[in-house]
Amino acid sequence: MLFKILRYCSVALVSCSLAYGHASRDTVFKSNGNPIITYKYTADPAAMVYKGQVYLYTGHDEAPKNVNRYVMHNWTCFSSPDMVNWTEHNIPLNIKDFAWAKDDAWASQVIERNGKFYWYVAVEHTTIPGKAIGVAVSDSPTGPFKDARGSALITNDMTTEKKHRWDNIDPTVMIDDDGQAYLFWGNGICYYARLKSNMIELDGPIKSIVLPKYTEAPWIHKHNGWYYLSYAYEFPEKIAYAMSRNINGPWVYKGIINEIAGNSNTNHQAIIDFKGKTYFIYHNGALVPDAGSFHRSVCIDYLYYNKDGTIKRVIMTSEGVEGTKNNVK
Ligand code: FUB
């Protein structure tokens, strides 16, 4: 406990010019195991590799103590050359950047196309009841980002298979080798649709995929010719996955990757290859003083494949990853 408190304080010193959770300038820090960020609560990680750097995008849990619901108003961006030395970039995106959105800066993902960076986000819509997906764009992975459409890309009235109002959340995006982009998303059902090359319009119907005990948080990635669709399974959430030789399926369910992440009902993974290793990025509820399902923290551990392409179970650790260089610690 003493160690945790000291660690909390030491990063707070590095960030001494910051009001809690609101960076006025970039913040540089070295992660010291899991959770990797110890001066604010971060959730719903998504990551992207671009020009030798990892860019990590997260939500920001801001619920007051003892408030047991998501209070989330902005998204954050961190970069690292080695998965250990990190820079937080001054708040790149806020719910207020979407004039049509009411609140709830939920899960998101950024992807690059032709030198532009598209940030897909889940939010609460102001006038169309329910959750919606928007997209912001920037010329830089660290922003500034602006609303790319001036309206939502997906609204609750566009999907009818599920009746609850939060089925349109948790966007994940992939550009396939032939240049076709796809958006996957959903709570209680996994939706997907093609995107036009402008990345801000659908290019065809919304379809759905049947996956065992699917809850939310789809993440699409490709590795050695296999497509992987990982997702939050049951509730409290484990992470499971399916594999396919084609992004349009059929998807074959393969099992659990990650167990329930300590002290958090949700788990929310991103998977990236970076400098020869594969990383499993997720959140748990391990950071004092208010750790839990509504005060979550991003963690990173290794992910390993078997020879046949299936994924070994992730071992969640407090030590985290060593980074890509021998001299980072
Ligand atoms: O952070 C709000 C919601 O919790 C996300 O959209 C889900 O994936 C879960 O992590």
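Described in the following lines is the structure provided in the data block. (Residues numbered from 1 in each chain as written. Predicted model: local features only at pLDDT ≥ 70, side-chain atom pairs only at ≥ 80, totals over all residues.)

### Observations concerning the site of the ligand
Stage number 1. As a structural note, the neighbourhood of the ligand is formed by 13 residues, with Trp106, Ala107, Ala217, Thr266 and His268 the closest of them.
Stage number 2. Of the residues in the shell around the ligand, the class split is seven nonpolar, three polar and three charged. (Near = placed C-beta within 6 Å. Nonpolar A, V, L, I, M, F, W, Y, C, P; charged D, E, K, R; others polar.)

### Quick notes on the environment of Thr76
Stage number 1. Relative to the helices and strands, Thr76 is located in strand S4 (residues 74–80).
Stage number 2. Each C-alpha atom, one on Thr76 and one on Pro92, is 6.3 Å from the other, the two residues being 16 residues apart in sequence.
Stage number 3. Apart from the residues within four sequence positions on either side, Thr76 is in contact with Thr42, Thr58, His60, Glu88 and Ile91. (Helix = DSSP H or I, 4+ residues; strand = E, 2+ residues; numbered from the N terminus. Contact = placed C-beta atoms within 7 Å.)

### Observations concerning the nonpolar core
Stage number 1. Core analysis: the biggest nonpolar cluster contains 81 residues, and Ala47, Val110, Tyr118, Trp119, Val121, Ile133 and Ile281 have the highest contact counts within it.
Stage number 2. Here the element with the most residues in this core is strand S8 (residues 116–125); it accounts for seven residues.
Stage number 3. Discounting chain neighbours no more than four positions away, the residues touching Ile281 are Pro45, Ala47, Leu56, Gln269, Ala270, Val298 and Ile300. (Core = buried A, V, L, I, M, F, W, Y, C linked by C-beta atoms within 7 Å. Buried ≥ 20, exposed ≤ 12 C-beta atoms within 10 Å, placed from the backbone.)

### Thoughts on the pairing of strand S12 (residues 181–185)
Stage number 1. Across four bridges, strand S11 (residues 172–175) lies against S12 in antiparallel orientation. Following the sheet pairing, Val173 is matched in S12 by Leu183.
Stage number 2. The pairing of S12 with strand S13 (residues 190–195) spans five bridges and is antiparallel. The residue bridging Tyr182 from the neighbouring strand is Arg194, located in S13.
Stage number 3. Taking the residues between adjacent antiparallel strands as the criterion, S12 and S13 are bridged by four residues, where Gly186 takes a positive phi near 130 degrees. (Pairing = 2+ DSSP bridges.)

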